[in-house]
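# Geometric and topological summary
Chain residues, written in single-letter form:
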Amino acid sequence: AVVSTQSTGEQLTEAQLNKLFSKINDVKVVDWLAYPKYSVPDSVPNFEMAPGLYYVNAIESAASAIEMSCIGSKNVALLAYQYLEKVDNVDSGKVCRDVRNFREEL
């Protein structure tokens, strides 16, 4: 048996399913509300709530998805690095290399 999950904005038609699969025994549709309709706010909350205190999901008020959570996490990680290292500007490439070197040293 093969089980497949398809994430789409709309339910797939029988014709679309037949293009994807050569044999279909059963189709179960679950509406996860994975594609909510948002209105874009006039502004996005700050990632930095107070010195050294960060809101990882600040960007989710503009768009919600796992990709946005990754972007928010990277931004907060860079802000925390900037705060802890007391630097004005952060080169994300350098931070990634520093972290990689630190892990190799462990």
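Residues numbered from 1 in each chain as written. Predicted model: local features only at pLDDT ≥ 70, side-chain atom pairs only at ≥ 80, totals over all residues. Heavy atoms only, no water.

## Description of the overall build of the protein chain
Looking only at helices and strands, the protein chain has three helices and two strands in total. Walking the protein chain from its N terminus toward its C terminus, one meets helices and strands in the order α-β-β-α-α. When each of the 106 residues of the protein chain is scored for burial, the buried share is 10%. Residue pairs in contact within the protein chain that sit at least 24 positions apart in sequence constitute 22% of those at least 6 positions apart. Looking at the protein chain as shown, the accessible area adds up to about 9200 Å², and 53% of this sits on carbon and sulfur atoms. (Helix = DSSP H or I, 4+ residues; strand = E, 2+ residues; numbered from the N terminus. Buried < 20%, exposed > 50% of the residue type's maximum accessible area, 1.4 Å probe, protein only. Contact = heavy atoms within 4.5 Å. Areas by Shrake-Rupley, 256 points an atom, 1.4 Å probe, with all protein chains shown as cover.)

## With respect to unusual backbone geometry
The phi torsion at K86 lies on the positive side, around 55°, for a residue other than glycine. As for its placement among the helices and strands, K86 is situated in the loop between α2 (66-85) and α3 (92-105).

## As for a nonpolar patch on the surface
Taken together, the side chains of I24, V27 and V29 make up a nonpolar region of the molecular surface, amounting to roughly 230 Å² of accessible area. Here I24 falls in the partly exposed class, since its relative accessible area comes to 33%. (Patch = residues over 30% accessible without salt bridge, like charges linked within 9 Å, V, L, I, M, F, W, Y side chains within 5 Å. Salt bridge = Lys/Arg side-chain N within 4 Å of Asp/Glu carboxyl O.)

## Focus on α2
An ideal rise of 1.5 Å per residue puts 28 Å on 20 residues; α2 measures up with 28 Å between its terminal C-alpha atoms. Looking one or two residues beyond α2, the residue adopting positive phi is K86, at roughly 55°. (Expected span 1.5 Å × (residues − 1).)

## A few points about the packing of α2 against α3
For the pair α2 and α3, the least separation of the axes is 11 Å and the interaxial angle reads 80°. Put simply, α2 runs roughly perpendicular to α3. Taking contact as the criterion, the partners of K74, L78 and Y81 in α2 are, on α3, S92, K94, V95 and D98. Broken down by class, the residue content of the contact of α2 with α3 amounts to three nonpolar, one polar and three charged. (Axes fitted to C-alpha atoms, helices over the stretch in contact; angles between N-to-C directions. Parallel < 35°, antiparallel > 145°, perpendicular 65-115°, else oblique. Nonpolar A, V, L, I, M, F, W, Y, C, P; charged D, E, K, R; others polar.)

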